[in-house]
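Here is how the chains run, residue by residue.
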Amino acid sequence: MPSIHSPSRRTVLTGSLAGIVASGLHSKASAQSGDQMDMGDRCQAAGPAIVEPVPGPARNLTIAWNEASICTAAVPVAKAKGFFKKYNLNIDYVNFAGATDQLLEALSTGKADGAPGMALRWLKPLQQGFDVKLVAGLHAGCMYLMTTPATGLKTLTDLKGKTIGVTDIGGPDRNFFSIRIKEAGLDPETDVQWRQFPADLLPLALQRGDIQAFSDADPFSYPQRRQFGLIDIDNNMKGEWAHLACCVIGLRGSLIRNEPKVAAAVTRAILEAGAWIACNPDEAATIFQPYAPKANAGDLAAMLKMQGHHHQTLTQDFRQEIVRYADALKQAGIFRPSLDSERYAKRITQDLFT
């Protein structure tokens, strides 16, 4: 879920999507709370089956989200399909496309009550002590490392001595593929170089040879792949990473402390919407389409099918996913080696349901 979207980036998304036909580009393993699910479970949200609606008048809350990012489609779906209403919640949206620390500050100060976000974008800024807690893993998958067949690059080890383009040097895809490059036996700081470009210039930089690969996230990767004939070197929908939440839900700490039932209700509503997307991607794409008015609903549905909306985690399972990310970020040199991953994960997460 990219944090900053310039007008040119949105233009690339909406313009390139027209005429793209949906196709099954990827297959992913499915998991929820660390366990394999059968097809009948895919529409069930993680956590308790019964969460009480908020008593009294409908509770007004504000959710900050990036409306250009399809991996947060659970937010508009939750309103359109009545999941917020089910829990007696009246939700206003704030379209937020600023820096992550600004979003966390908005949550800390009560300008917003909650937000979806990418785990690998939030974990580093949360070290600053914002009064924000991560409460659930919303879904897996949506980051890609791509190149053209002409480069001959097929594996992560092929990237030694190469330059990788990113839209944000501190972004989640840079962090994730640094982890993956480290796992492949290379040093992500010395064996590869990273260069930042606007999203619409990444394919052009690849064609010019300024970079040999680039990383980006849905929904921008989808039209780039089709328009420029790109192939994947790697993505976060394979192996253990298909079983870890890519996108998380964060809430302001004061909401959790003062109104824990409200915090549980809004979290549950978003999770139910996300689980519904896993079984209804075509209708979900239609709900999301007003936020990408030039996009084809079939293309948006294909993107949703490529993401892991069947994977959700809560409580100890979710906390252990954060521990895994923290350990990996230490190995990649993004977190200091002395960080106590267990203690850090316990500090920034909150169990709302046990």
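All told, the structure shown has 17 salt bridges when counted by the stated rule. Residues Arg59 and Glu259 are paired through a salt bridge, measuring 2.4 Å at the closest nitrogen-oxygen approach. Here Glu259 lies in the loop between helix H9 (253–258) and helix H10 (260–279) and Arg59 lies in strand E1 (residues 59–65), a separation of 200 residues in the sequence. Through salt bridges with shared partners, one network takes in Arg180, Glu183, Asp234, Lys238, Glu240 and Arg324.

Our focus in this paragraph is the packing of H10 against helix H11 (residues 281–288). At their nearest, the axes of H10 and H11 sit 6 Å apart, and the two run at 120° to each other. On the basis of the axis angle, H10 is oblique to H11. Contact residues: H10 offers Trp276, Ile277, Ala278 and Cys279, while H11 offers Pro281, Glu283, Ala284 and Ile287.

Bringing the packing of helix H13 (residues 315–331) against helix H14 (residues 341–348) into the picture now. The description of two helices packed together rests on the angle between their axes and the distance between the axes. Orientation of H13 relative to H14, taken along the N-to-C sense of each, is 130°, at an axis distance of 9 Å. It follows that H13 is oblique to H14 by the angle criterion. For H13 against H14, the interelement crossing comes out right-handed. For the pair H13 and H14, the contacting residues are Arg319, Gln320, Ile322, Val323, Ala326, Asp327 and Lys330 in the first and Ser341, Glu342, Ala345, Lys346 and Ile348 in the second. For the contact of H13 with H14, a count of residues per class yields five nonpolar, two polar and five charged.

Before going further, it helps to spend a moment on the state of the cysteines. The tally for this structure, following the rule as stated, stands at one disulfide. Between Cys142, a free cysteine, and Cys246, which holds the nearest cysteine sulfur, the sulfur-to-sulfur gap is 3.7 Å. Using a relative accessible area of 0% as the deciding quantity, one classes Cys142 as buried.

Further remarks concern the pairing of strand E5 (residues 143–147). Moving residue by residue along a regular strand, the side chains alternate between the two faces of the sheet. Of all five residues that make up E5, five are buried, and the element is covered over most of its length. In E5, alternate side chains face the same way, and those of Met143, Leu145 and Thr147 on one face and Tyr144 and Met146 on the other are all buried. Bridging between E5 and strand E8 (residues 213–217) involves four bridges; their strand directions are antiparallel. Paired with Leu145 across the two strands is Ser215, which belongs to E8. Where E5 lies against strand E9 (residues 231–235), four bridges are found, and the strand directions are antiparallel. Within E9, the residue paired with Met146 across the bridge is Asp232.

Read across the open sheet, the five strands follow the order E7-E6-E8-E5-E9; overall the sheet is mixed. Because the sheet does not close on itself, it has two edges, and the strands there are strand E7 (193–196) and E9. The sheet shows a mean angle of 30° between the axes of neighbouring strands, taken without regard to direction. Each of E5, E8 and E9 touches helix H8 (residues 221–228); the most contacted strand, E5, lies at about 20° to it.

Conventions used here
Residues numbered from 1 in each chain as written. Predicted model: local features only at pLDDT ≥ 70, side-chain atom pairs only at ≥ 80, totals over all residues. Heavy atoms only, no water. Salt bridge = Lys/Arg side-chain N within 4 Å of Asp/Glu carboxyl O. Helix = DSSP H or I, 4+ residues; strand = E, 2+ residues; numbered from the N terminus. Axes fitted to C-alpha atoms, helices over the stretch in contact; angles between N-to-C directions. Parallel < 35°, antiparallel > 145°, perpendicular 65-115°, else oblique. Contact = heavy atoms within 4.5 Å. Left-handed = near helix turned anticlockwise from the far one by under 90°. Nonpolar A, V, L, I, M, F, W, Y, C, P; charged D, E, K, R; others polar. Disulfide = S-S within 2.5 Å. Buried < 20%, exposed > 50% of the residue type's maximum accessible area, 1.4 Å probe, protein only. Pairing = 2+ DSSP bridges.

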